[in-house]
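Below are the chains, spelled out letter by letter.
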Amino acid sequence: MKQFKAESKRILDLMINSIYTHREIFLRELISNASDAIDKLYYKALTDENLTFNQEDYYIKVSVNEETREITISDRGIGMTAEEMEQNLGVIAQSGSLQFKKDLESKEDHEIIGQFGVGFYSAFLIADEVTVISRAEGSSIAHKWHSKGADGYTIEEAGLDHTGSDIILKVKESTEDEDFDQYLNTWTLRSIIKKYSDFIRYPIKMDTTRSELKEGTEDEYEDIVEEETINSRIPIWKKNKRELKDEDYENFYQEKHFGFDKPLANIHLSVDGNVSYNAILYIPESRPYDFYTQEYEKGLELYSAGVMIMQKCADLLPDYFSFVKGVVDSEDLSLNISREILQHDRQLKLIAKNIKTKIKNELEKLLKNDREKFETFYENFGRQLKYGLYADYGQNKDTLKDLILFQSSHEDKLVTLAEYVSRMKEDQTDIYYGTGASADRIKKHPQAEAILEQGFEILYFTEDIDEFAIKMLNEYEGKNFKSISSADIKLNEEDKAVNESNSDLLEKMTAALAGKVKSVRATSRLKSHPVALANEGDISIEMEKVLNAMPNADGVQAEKVLEVNVNHPVFETLTKAQAEDEGKFNLFTDVLYNQARLIEGLDLEDPVAFADNVCRLMK
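Section: the sheet that holds strand 17 (residues 458–461)
So, step 1. Read across the sheet, six strands follow the order 15-14-17-16-19-18 without closing on themselves; strand pairing throughout is mixed. The open sheet has two edge strands with one neighbour each: strand 15 (414–416) and strand 18 (475–476).
So, step 2. Relative to strand 17, strand 14 (residues 405–408) runs antiparallel, the two sharing two bridges. Bridging across to strand 17, Ser408 finds its partner in Leu459.
So, step 3. Along the sheet, helix 8 (residues 371–390) contacts strand 14 and strand 15; its crossing angle with strand 14, the most-contacted strand, is approximately 105°.

In structure tokens, the structure reads:
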């Protein structure tokens, strides 16, 4: 029994218990090693005229024996001598692939997957006994390496009728806490291969059994065992775009289970530069049921040389583009020893930056060339774009501002900010918007009437994020955003005079509503409506509602102004009550204030008192 070098037990325990987070990746690692072994034989054949290499003759075989609890991974690659077994399997973190890669640095077009020399030991994640039988290219003698874990290993001569290696895993017995029997299930292994190793360049084969009626019989069946290739081998993202059709991209979308819908658009990238990568990205047609929940996980599938290393790499997408699905494959990534996470993120940041630009460009193209499709997309994911405007202190606003749509009073349809500005009147300095539960509610708002009457367009903000996003945007093409409920919309000269001549009445109303409104003012902009609430300051009435609906709300209040229509019969009634009956004047003031709260969708401070006051007026 030979002992492992390099702190054997401690390091092997680390391999098994800390480095890898999912047991199923043992198959990914061993298949990658088998692929490397075939690659090494191919590269040796390039310089050895006595060797021939026909790629179609090489494959990786995975087989299962449930009775003996064994999984075997076989390849016909370059194999190992006893000395190489000692060096590569007897010293943890000694990688034959890494050394081979260094030796090939002067050659082009080499993709050796393994680098760190620890992937092999992931076999002990599911096996309590591992055997490697290998015969090196050019040798007539095979050797067997055998280990039961950190206690050590043995190497002895063995028989193998081909060049290459067989790795035999004796699967652990299942426990109450861990189901190891699942790895003896052929379908489980097939799914793991499809998940992680679908695009290994060599065929990965497994035996499949089907029942067939025996010839010359009517009811006797026999089992027919056939060898089936499990992996797709050539990924779609490495194919020439000109050879692919829309249905090819749609089929890949379905195969990867990105969604049950059809993608609205796809982006196929083949990039060479500081970091080289291939990618296929999809913009879905409909949102997942959990998209706007904490359970939703964003991210693209990340591959390194065709081997999946991360199923959802969140760092490749900004949050505001979290709806995008797809895959990225790069040979330039710096991976840690488990190949599950990235060791350095410089390359990833370069890829992510380029992907962000490509997604933005694709959405702009969709908006310009196929408005109907874009609006379908926007119905599902527009809220996420608005959130992107607001998040990170608005640092993404230049990226997103031209992708945002709002319902508008112009033909009652969705419009971009650019379209709104293009229609602004010559003397119009502000972009007007109204907030409410629906466009219909905003249209009926007292303060909307005068603005629409003057021919100004109004954007309808019907989602709670809308006004927050616009506040962060602040302006668009030099035009400021102005709420129709804002108290600082310029008064005309007539309104100024009316406020001055009725200052006593307005001051008395303000006193009667002390603590409820900042002030009361007279206005003519309400047209047919008697009263409305306006707001001053950065917090609008709609923002007050949103903020106070949040957990741990601390009673945020907008600075409210009660506007009373000087041209409405109610104002005449108020003037008369001020002169004749102070009690009735205060009653009218209270009822008008509560009516204004109802119009804004605010709760009544005292619904019973309001109902009593209305009854008093009816008497």
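Notes on the sheet that holds strand 12 (residues 307–313)
So, step 1. Strands sit in the order 9-10-13-11-12 across an open sheet of five strands; the sheet is mixed. The open sheet is flanked by strand 9 (265–271) and strand 12, the only strands paired with a single partner. Between one strand axis and the next, the sheet turns by 15° as a mean value, whatever way the strands run.
So, step 2. Across five bridges, the pairing between strand 10 (residues 277–283) and strand 13 (residues 325–329) is antiparallel.

Observations concerning the packing of helix 7 (residues 346–369) against helix 8
So, step 1. Their axes nearest at 5 Å, the elements helix 7 and helix 8 cross at an angle of 125°. The angle between helix 7 and helix 8 places the two elements in the oblique class. On the side of helix 7, the interface is formed by Leu363, Leu366, Leu367 and Asn369, while helix 8 contributes Arg371, Lys373, Phe374 and Phe377.
So, step 2. Across the contact of helix 7 with helix 8, the residue classes tally to five nonpolar, one polar and two charged.

A short note on the packing of helix 17 (residues 569–580) against helix 18 (residues 582–599)
So, step 1. The contact between helix 17 and helix 18 brings their axes to 6 Å, and the two run at 145°. Of the residues in helix 18, those touching helix 17 at Val570, Thr573, Leu574, Ala577, Gln578 and Glu580 are Glu582, Lys584, Phe585, Phe588, Thr589 and Leu592.
So, step 2. Grouping the amino acids of the contact of helix 17 with helix 18 by side-chain chemistry returns six nonpolar, three polar and three charged.

Notes on helix 7
So, step 1. Between its first and last C-alpha atoms helix 7 spans 35 Å; for 24 residues at 1.5 Å apiece the expected length is 34 Å, and the two agree.
So, step 2. For helix 7, the complete set of buried residues consists of Gln347, Leu348, Ile351, Ala352, Ile355, Ile359, Glu362, Leu363, Leu366 and Leu367.

Some words on the confidence of the model for the chain
So, step 1. Averaged over every residue, the pLDDT of the chain is 88; residues scoring 70 or more account for 90%.
So, step 2. Low confidence marks residues 106–110, where pLDDT is under 50. Its contacts with residues over four positions away, or in another chain, come to six contacts.
So, step 3. With pLDDT under 50 throughout, residues 112–116 is counted as low confidence; its partners more than four residues away or in other chains account for 28 contacts.

Some details on helix 17
So, step 1. Counted at 1.5 Å a residue, the expected span for helix 17 with its 12 residues is 16 Å, and the 17 Å between its end C-alpha atoms agrees.
So, step 2. All of the buried residues along helix 17 are Phe571, Leu574 and Ala577. Seen along its axis, helix 17 keeps its buried residues to an arc of 120°; they face one direction. Residues of helix 17 that are exposed and point more than 90 degrees away from the buried face comprise Pro569, Glu572, Lys576, Ala579 and Glu580.

Remarks on the pairing of strand 2 (residues 70–75)
So, step 1. With five of six residues buried, strand 2 is to be regarded as a mostly interior element.
So, step 2. As paired strands, strand 1 (residues 60–65) and strand 2 are joined by six bridges and run antiparallel to one another. Across the sheet, the residue bridging to Ile60 is Asp75, located in strand 2.
So, step 3. The hairpin turn running from strand 1 into strand 2, its antiparallel successor, is four residues long, and Arg69 in that turn takes a positive phi close to 60°.
So, step 4. Pairing geometry for strand 2 and strand 6 (residues 164–171), over six bridges, is antiparallel. When the sheet's bridge partners are listed, Ile71 is paired in strand 6 with Leu169.

What about the nonpolar core?
So, step 1. Ranked by internal contacts, the top residues of the largest apolar core, which has 68 residues, are Leu316, Ile355 and Phe377.
So, step 2. Here this core gets eight residues from one element, more than from any other, and that element is helix 7.
So, step 3. Non-local contacts of Phe377, meaning those with residues more than four positions away in its chain, are made with Leu264, Ile283, Phe323, Leu363, Gly382 and Leu385.
So, step 4. Counting 60 residues, the second-largest nonpolar core is a separate cluster that includes Ala45, Ile60, Leu89 and Phe199.

Considering the packing of aromatic side chains
So, step 1. Across all of its chains, the model carries 28 aromatic pairs by this definition.
So, step 2. Residues Phe374 and Tyr378 carry aromatic rings whose centres are separated by 6.1 Å and whose planes lie at 25° to one another, so their mutual orientation is stacked. A residue pair is termed a helical-turn pair when its members lie 3 or 4 positions apart in one helix, as Phe374 and Tyr378 do in helix 8 at four residues. Exposure class is identical for Phe374 and Tyr378. Each is buried.
So, step 3. Sitting over the face of the ring of Tyr59, Lys205 holds its NZ or CZ atom 4.5 Å from the ring centroid.
So, step 4. Taking the ring centre of Phe456 as reference, the NZ or CZ of Lys425 above it sits at 5.1 Å.

Considering the side chain of Ser409
So, step 1. In this fold, Ser409 is placed in the loop between strand 14 and strand 15.
So, step 2. From its side chain, Ser409 meets the backbone nitrogen of Ile458 in a polar contact 2.8 Å long.
So, step 3. When near neighbours in sequence (up to four residues on either side) are disregarded, Ser409 contacts Leu452, Phe456, Glu457, Ile458 and Tyr460.

Regarding the pattern of salt bridges
So, step 1. Per the counting criterion, the structure on display carries 43 salt bridges.
So, step 2. Note that Glu137 is salt-bridged to Lys44, the shortest N-O span being 3.0 Å. Taken as a pair, Glu137 in the loop between strand 3 (127–135) and strand 4 (142–147) and Lys44 in helix 2 (residues 25–47) lie far apart in primary sequence, 93 residues in all.
So, step 3. The class for Glu137 is partly exposed, based on a relative accessible area of 23%.

Topic: the side chain of Thr435
So, step 1. As for its placement among the helices and strands, Thr435 is situated in strand 16 (residues 430–435).
So, step 2. For Thr435, the contacting residues outside a window of four places in its chain are Ile442, Phe461, Glu467 and Glu542.

The rules we used
- Residues numbered from 1 in each chain as written.
- Predicted model: local features only at pLDDT ≥ 70, side-chain atom pairs only at ≥ 80, totals over all residues.
- Heavy atoms only, no water.
- Pairing = 2+ DSSP bridges.
- Helix = DSSP H or I, 4+ residues; strand = E, 2+ residues; numbered from the N terminus.
- Contact = heavy atoms within 4.5 Å.
- Axes fitted to C-alpha atoms, helices over the stretch in contact; angles between N-to-C directions.
- Parallel < 35°, antiparallel > 145°, perpendicular 65-115°, else oblique.
- Nonpolar A, V, L, I, M, F, W, Y, C, P; charged D, E, K, R; others polar.
- Expected span 1.5 Å × (residues − 1).
- Buried < 20%, exposed > 50% of the residue type's maximum accessible area, 1.4 Å probe, protein only.
- pLDDT = per-residue confidence, 0-100.
- Arc of directions from axis to C-beta.
- Core = buried A, V, L, I, M, F, W, Y, C linked by side-chain atoms within 4.5 Å.
- Phe/Tyr/Trp six-rings, centres within 6.5 Å; stacked < 30°, edge-to-face > 60°.
- Lys NZ or Arg CZ within 6 Å of the ring centre and 35° of its normal.
- Polar contact = N/O pair within 3.5 Å; in protein donor to acceptor, adjacent residues only side chain to side chain.
- Salt bridge = Lys/Arg side-chain N within 4 Å of Asp/Glu carboxyl O.

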